[in-house]
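So the chains spell out like this:
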Amino acid sequence: SLKPENYGLGQNYPNPFNPSTKLQYSVKEADKVNIAVYDVLGRLVTTLVDEYKPAGTYEVKFDAGRLTSGVYFYTMTVNGFRESRKMILNK
């Protein structure tokens, strides 16, 4: 499980998913957090989080109802920390 003493990006669940999934992330200290979703070619699909967050653990929902089946990546960037994970949309 994610702990707010660290920056961290959890694996989405469920995975594979259709049409929506949730992902958790943790923020060690208050800062601007960006979580973006990319397609397999690296094109930005959507931005899920782009705001200042206090330290803590959060959950965000991603609704891919308008997207096609396939592999997507989501990346969290905050204060020099960067982590990416893979998720599979299976319609």
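To be clear, the structure that these remarks concern was listed above.
One structure accompanies this document, and this report is about it. Since this is a predicted model, take the numbers as computed values, not measurements.

Details of the environment of Lys 61
At step 1: Secondary-structure assignment places Lys 61 in strand 5 (residues 56–63).
At step 2: Taking C-alpha positions, Lys 61 is 9.8 Å from Tyr 13, a pair spaced 48 residues apart along the chain.
At step 3: Look past the residues within four positions of Lys 61 in its chain and what remains in contact with it is Ser 20, Thr 21, Lys 22 and Leu 48.

Quick look at the side chain of Asp 39
At step 1: Residue position: Asp 39 is located in strand 3 (residues 31–39).
At step 2: At a separation of 2.7 Å, a polar atom in the side chain of Asp 39 contacts the side chain of Arg 43.
At step 3: Non-local contacts of Asp 39, meaning those with residues more than four positions away in its chain, are made with Val 45, Val 71, Tyr 72 and Phe 73.

About the criteria used
Here the residue numbers are simple positions, counted from 1 along each chain's written sequence. Residues qualify for local features only when their pLDDT is at least 70, as the model is predicted, and side-chain atom pairs are given and counted only at 80 or more; totals for whole chains, interfaces and linings, by contrast, use all residues. With hydrogens and water excluded, all non-hydrogen atoms of the structure serve as input to the side-chain values. Only runs of H or I of at least four residues qualify as helices and only runs of E of at least two qualify as strands under DSSP, and these elements are numbered from the N terminus. Any two residues having at least one pair of non-hydrogen atoms within 4.5 Å are treated as being in contact. Polar contact is the term for a pair of N or O atoms within 3.5 Å; when the atoms are in protein, one must be able to donate a hydrogen and the other to accept it, and sequence-neighboring residues count only if both atoms are side-chain atoms.

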